[in-house]
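Structure at a glance
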Amino acid sequence: MIDIINDSYYMRLALELAAKASGQTGINPVVGCVIVKEGRIIGVGTHLKRGTGHAEVHALAMAGTEAEGSSIYVTLEPCSHYGVTPPCSERIIEAKAAKVVVAMQDPNPKVAGRGIARLREAGIEVVVGVLEEEARMLNEAFIKYITTGLPFVTLKTASTLDGKIASKTGDSQWVTGPAARELVHTLRHRHSGIMVGSATALADDPLLTTRLSVPALHPVRIVADSRLRMPLQARMLAAESGIPVTVLTTGRADAHKRSQLEDRGVQVLICGDGEHVDLQDAMRQLAEREIGSILLEGGGRLNGAMLEAKLIDKVMLFFAPKLIGGTSAPASFQMEGWEQMADALHIREMKAEQVGEDICISGYPDYRL
């Protein structure tokens with residue numbers, strides 16, 4: 001199939017550029033930019049790191065004086081406010097671009113249409129909404145964080161076809177194959193936090209690091225541990241790792257154990273005074289510490305509690321072509337559940353993809369029903 005050159009063609013290229021930086025920009029969005037003049041691409045750019053030049057700045061620097069009279073394709077509305085960097089809308093005006101094509105308006109209240117308005121005031125033609133759905137999906141974590149003040153939570157599970165995440169003895173090495181595990185490490189690279197429960201921390205003693213064949217980013221390790229059961233000898237607490245660890249607990253937890261953890265550099269957050277961690281409060285506190293996206297790799301109890309609290313935004317369920325059985329074998333979700341099938345939680349926009357020998361089913365819980 002021939003890919004026809006039009007606005008969508010160049011915007012798709014901008015989206016591909018933006019996607020390559022997923023995980024690198026912290027609480028900032030990923031943005032791509034392509035500048036075209038007289039049928040030639042004269043500049044490309046991507047936002048690579050929070051606090052550094054935006055995609056438009058990099059693309060304009062490449063285009064140089066040729067940017068005058070050009071068409072600029074950008075995946076997110078150019079900013080109009082002064083932050084760590086100057087507003088991109090003013091840079092575009094100074095470059096004397098003729099047209100700006102924007103995939104989506106910026107949901108950030110500091111921008112929210114002001115950049116588009118400023119460009120139009122300067123006499124620049126602005127087109128909005130080209131490949132908007134793709135742009136929104138690319139920045140779904142940023143949109144959730146900037147509009148609600150809560151992190152975007154992606155639940156990942158790996159289970160057998162009969163829904164077991166481990167055998168009846170607790171063995172879970174390995175449920176899925178190498179290709180699925182590599183994809184999970186890519187997901188870790190793209191999230192700012194990774195979260196498990198105390199049961200997983202105790203049973204597996206995981207490192208919760210990103211292990212790829214190339215250099216990758218490590219998320220903040222988060223453990224929900226209402227009774228502070230995590231041993232001080234846990235591998236993730238090794239000082240040489242240099243990767244932050246945050247433990248979520250309650251006001252009832254042992255103060256001495258809390259002090260011992262803090263002495264090892266662990267950030268301990270008190271989330272409520274009940275028997276269990278107040279997950280709503282935990283999400284708010286993590287967002288305040290600029291953790292805008294979380295990969296939840298919990299056991300059945302934490303997964304179930306997060307789902308019942310309506311804190312899971314997206315699910316990625318990996319199924320291996322295996323049957324293991326066992327009435328006591330743990331399942332992906334351990335919770336009270338719903339009484340009627342008609343009340344079951346629906347997953348919208350569901351997709352299925354083969355990953356090696358495994359299948360990944362992804363989608364978004366629909367809490368409205």
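To be clear, the structure that these remarks concern was listed above.
Anyway, here's the lowdown on the structure attached to this text.

**Here we look at the side chain of Ser89**
With respect to the secondary-structure elements, Ser89 resides in helix 3 (residues 88–95). The residues contacting Ser89, other than those within four sequence positions of it, are Pro78, Cys79, Ser80, Gly115, Arg118 and Leu119.

**As for the environment of Ile41**
Mapping Ile41 onto the fold places it in strand 2 (residues 40–46). Among the residues examined, Ile41 registers a relative accessible area of 41% and is labelled partly exposed. Along the sequence, Ile41 and Leu279 sit 238 residues apart, while their C-alpha atoms lie 48 Å from each other. Here Ile41 is in contact with Tyr10, Leu13, Val34, Ile35 and Val36, once residues within four sequence places are set aside.

**Structural notes on the pairing of strand 4 (residues 99–102)**
The two faces of strand 4 match: Lys99 and Val101 on one face and Val100 and Val102 on the other face are all buried. Sheet topology places strand 3 (residues 71–74) next to strand 4; four bridges connect them, and they run parallel. Counted as the bridge partner of Ser71 is Lys99 from strand 4. Pairing analysis gives four bridges linking strand 4 to strand 5 (residues 125–128), with the strands arranged parallel. Across the sheet, Val101 pairs through a bridge with Val127, a residue of strand 5. Since strand 4 and strand 5 lie parallel, the crossover through helix 4 (residues 114–121) that links them has a hand, and here it is right-handed.

**Description of the environment of Glu357**
Note on placement: Glu357 falls in the loop between strand 13 (346–355) and strand 14 (358–366). Considered as a pair, Glu357 and Ser8 are 349 residues apart in the sequence and their alpha carbons are 34 Å apart. Apart from residues no more than four positions distant in its own chain, Glu357 is found in contact with Gly177 and Pro321.

**Things to note about helix 7 (residues 178–190)**
Taking 1.5 Å of rise per residue, the 13 residues of helix 7 would be expected to cover 18 Å, and the 19 Å separating its terminal C-alpha atoms lies within 8% of that figure. All buried positions along helix 7 are accounted for by Ala180, Val184, His185, Leu187, Arg188 and His189. Looking at the buried side of helix 7, the elements it contacts are strand 6 (152–160), strand 7 (193–197), strand 11 (293–296), strand 12 (314–320), strand 13 and strand 14.

Cut-offs used in this document
- Residues numbered from 1 in each chain as written.
- Predicted model: local features only at pLDDT ≥ 70, side-chain atom pairs only at ≥ 80, totals over all residues.
- Heavy atoms only, no water.
- Helix = DSSP H or I, 4+ residues; strand = E, 2+ residues; numbered from the N terminus.
- Contact = heavy atoms within 4.5 Å.
- Buried < 20%, exposed > 50% of the residue type's maximum accessible area, 1.4 Å probe, protein only.
- Pairing = 2+ DSSP bridges.
- Right-handed = clockwise from strand over helix to strand, strands pointing away.
- Expected span 1.5 Å × (residues − 1).

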